[in-house]
Amino acid sequence: RESINTDSEIPESNKKIILAWLDRKEEDLKTRKGQDYTASIRWAKTMSKYVGLLKNFGHWVKKPFQEITQEDLQQLYKDLETGKLKNKKGVPFSKLTRRDYYNKIFKGDFFEFIDKREIAKKVFRMENDPDENVKFFLKSDLDKMFKFTTKTRNKLFLSVLFDTGIVILSCILF
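Residues numbered from 1 in each chain as written. Predicted model: local features only at pLDDT ≥ 70, side-chain atom pairs only at ≥ 80, totals over all residues. Heavy atoms only, no water.

A. A look at the overall build of the protein. Of the regular secondary structure elements, the protein holds nine helices and zero strands. Secondary structure elements in the protein, listed N-terminal to C-terminal, are α-α-α-α-α-α-α-α-α. Taken over 174 residues, the protein has a buried fraction of 32%. With an accessible surface of roughly 11900 Å², the protein has 54% of that area assigned to carbon and sulfur atoms. (Helix = DSSP H or I, 4+ residues; strand = E, 2+ residues; numbered from the N terminus. Buried < 20%, exposed > 50% of the residue type's maximum accessible area, 1.4 Å probe, protein only. Areas by Shrake-Rupley, 256 points an atom, 1.4 Å probe, with all protein chains shown as cover.)

B. Looking closely at the side chain of Asp79. Within the secondary structure, Asp79 sits in helix H4 (residues 70–82). Of the buried charged residues, Asp79 lacks a salt bridge, with Lys84 as the closest side chain of opposite charge at 4.2 Å. Apart from the residues within four sequence positions on either side, Asp79 is in contact with Lys84 and Leu85. (Lys, Arg positive; Asp, Glu negative; His and termini not counted. Salt bridge = Lys/Arg side-chain N within 4 Å of Asp/Glu carboxyl O. Contact = heavy atoms within 4.5 Å.)

C. Representation of the nonpolar core in the model. Residues Leu22, Phe57, Phe106 and Phe110 are the most contacted members of the largest nonpolar core, which totals 34 residues. Examining the composition of this core, we find that eight residues originate from one element, helix H3 (residues 37–60), more than from any other. (Core = buried A, V, L, I, M, F, W, Y, C linked by side-chain atoms within 4.5 Å.)

D. Quick look at helix H9 (residues 152–164). With 13 residues, H9 should cover 18 Å at 1.5 Å per step; its first-to-last C-alpha distance of 18 Å lies within 8% of that length. Along H9, the residues that are buried comprise Asn154, Leu158 and Leu161. Summarising the axial view, the buried residues of H9 lie within an arc of 65 degrees, below the 170-degree limit, and thus occupy one face. Away from the buried face of H9 by more than 90 degrees, exposed residues Thr152, Leu156, Asp163 and Thr164 are located. (Expected span 1.5 Å × (residues − 1). Arc of directions from axis to C-beta.)

E. Fine view of the confidence of the model for the protein. For the protein, the average pLDDT comes to 82, and 88% of its residues sit at 70 or higher. Note on residues 127–131: pLDDT is under 50 here. Beyond four places in sequence and across chains, it has two contacts. For the stretch residues 170–174, pLDDT sits under 50, and the model shows eight contacts to residues farther than four places along the chain or on other chains. (pLDDT = per-residue confidence, 0-100.)

Spelled out as structure tokens, the structure:
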């Protein structure tokens with residue numbers, strides 16, 4: 001939080017909004033997760049993540065949040081996806097970090113807090129097309145996967161998944 005408060009690149013009006021949202025989020029996390037030692041570590045870690053994400057967002061948006069337009073968010077989305085926006089080390093954000101921005105900030109309640117939920121919905125496509133997520137593997141797809149899978153246990157894993165028709169949202173083979 002202090003890093004946001006002392007950051008001279010973030011407009012003062014945006015700092016106040018970010019800090020107010022962080023206060024609200026912290027209270028929400030304390031209420032939902034509890035305030036014992038273990039819970040406090042978990043919500044403190046979550047808050048630290050939010051601070052980092054919002055600090056970057058504050059750097060990217062050079063105008064007051066109330067003035068953000070759909071075009072601004074579309075450009076931000078494009079810059080994030082094409083690697084134009086980079087982390088402190090000058091490296092484009094990883095897919096995992098971009099997903100954090102989409103799910104925790106852009107599709108989260110922050111944009112509702114700044115009264116920009118409707119334009120965020122349009123840009124970040126929050127309503128999923130139910131058919132969009134449905135993917136099917138054919139036997140030929142399984143054969144191709146076998147070609148590139150060297151470990152027997154992974155071939156067994158793929159075979160079981162294919163035979164049972166289980167839905168794979170994200171699968172990493174070791």
